[in-house]
Amino acid sequence: MSMNDELNRLGYQMQDRLPPQREAEIAARAEAATPGPWERAEDHGKYFYAYLGGAYMRGVGTLNFGEGEDAEADRAFVLNAREDVDLLLAELAAARAERDEVKAQLAERLPTADVVAWLAKKAGEYQSGGNRENAATAIGRLADKVSRGAIRPGELTGGAR
């Protein structure tokens with residue numbers, strides 16, 4: 001069964017966003033799980049895996065992945081999932097924080113439609129006989145004003161100057 005088929009079976013579409021409740025459930029399971037990395041502890045059985053990094057062994061349990069062609073891939077997936085989930089949740093949080101920062105920065109900027117309307121108005125004021133040099137000068141002045149933040153929201157809507 002493909003990943004999309006499995007997600008569809010669970011009621012998710014691939015383009016759906018991760019709902020906050022589902023993310024919280026994933027994070028809670030990760031927090032409650034035995035720490036990683038999980039390693040084979042053959043002295044406790046051929047298929048016994050545990051966390052061996054602490055003062056004492058913390059058992060994960062017996063995981064028999066079989067001998068088929070997918071066995072090694074399944075074993076690697078399960079044994080690394082404990083750490084991978086934490087990394088993915090941290091990366092998701094960082095990406096969301098970056099996205100929110102960019103959104104906030106964009107919200108502080110003047111609305112594009114207002115700036116375009118202001119530029120069109122000013123271009124009309126600077127028209128002078130179709131001379132390219134004068135047009136270039138006018139565009140340069142307008143760009144300079146925009147770059148210095150010398151246009152105020154009131155100017156964009158025809159308010160106080």
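Residues numbered from 1 in each chain as written. Predicted model: local features only at pLDDT ≥ 70, side-chain atom pairs only at ≥ 80, totals over all residues. Heavy atoms only, no water.

**Q** Looking at this model, I keep getting lost on the overall build of the chain. Mind explaining?
**A** Helix and strand counts for the chain come out as 6 helices and 3 strands. The N-to-C order of helical and strand elements in the chain reads α-α-β-β-β-α-α-α-α. Pairs at least 24 residues apart make up 38% of the contacts formed inside the chain by residues separated by at least 6 positions. Summing over all exposed atoms, the chain offers an accessible surface of approximately 12000 Å²; the carbon and sulfur share of this is 54%. (Helix = DSSP H or I, 4+ residues; strand = E, 2+ residues; numbered from the N terminus. Contact = heavy atoms within 4.5 Å. Areas by Shrake-Rupley, 256 points an atom, 1.4 Å probe, with all protein chains shown as cover.)

**Q** Even after reading the chapter, I still don't get the confidence of the model for the chain, so can you show me in this structure?
**A** Caution applies to low-pLDDT parts of the model: their predicted coordinates are not meant to be read in detail. Here the chain averages 80 in pLDDT, and 78% of its residues register 70 or above. Within the chain, the element-level pLDDT minimum falls on helix α6 (residues 153-156), averaging 61, and the maximum on helix α2 (residues 20-32), averaging 93. (pLDDT = per-residue confidence, 0-100.)

**Q** Looking at this model, I keep getting lost on the packing of α2 against helix α3 (residues 71-108). Mind explaining?
**A** The geometry of α2 relative to α3 is characterised by a closest axis approach of 10 Å and an angle of 140° between their N-to-C directions. Between α2 and α3, the interaxial angle falls into the category oblique. Crossing angle aside, the handedness with which α2 passes α3 is left-handed. Together, E23, I26, A27 and A30 of α2 and R82, V85, D86, L89, L92 and R96 of α3 make up the contact between the two elements. (Axes fitted to C-alpha atoms, helices over the stretch in contact; angles between N-to-C directions. Parallel < 35°, antiparallel > 145°, perpendicular 65-115°, else oblique. Left-handed = near helix turned anticlockwise from the far one by under 90°.)

**Q** I'm lost on the pairing of strand β2 (residues 48-51) in this one. Help?
**A** Moving residue by residue along a regular strand, the side chains alternate between the two faces of the sheet. Of the two faces of β2, the one lined by F48 and A50 and the one lined by Y49 and Y51 are each fully buried. The pairing of strand β1 (residues 38-40) with β2 spans 3 bridges and is classified as antiparallel. Among the inter-strand pairings, E39 is bridged to a residue of β2, identified as A50. Relative to strand β3 (residues 58-62), β2 runs antiparallel, the two being bridged by 4 bridges. The residue bridging A50 from the neighbouring strand is G59, located in β3. (Buried < 20%, exposed > 50% of the residue type's maximum accessible area, 1.4 Å probe, protein only. Pairing = 2+ DSSP bridges.)

**Q** Before we go on, may I ask you to explain the pattern of salt bridges in this structure?
**A** Should their charged atoms come close, side chains of opposite charge can pair. In this structure the tally under the stated criterion is 5 salt bridges. For the salt bridge of E23 with R96, the shortest nitrogen-to-oxygen distance reads 2.4 Å. Taken together, the residues E23 in helix α2 and R96 in helix α3 connect sequence positions 73 residues apart. Of the residues examined, R96 reaches a relative accessible area of 26% and is grouped as partly exposed. Between D100 and R99 there is a salt bridge whose closest N-O contact spans 2.9 Å. (Salt bridge = Lys/Arg side-chain N within 4 Å of Asp/Glu carboxyl O.)

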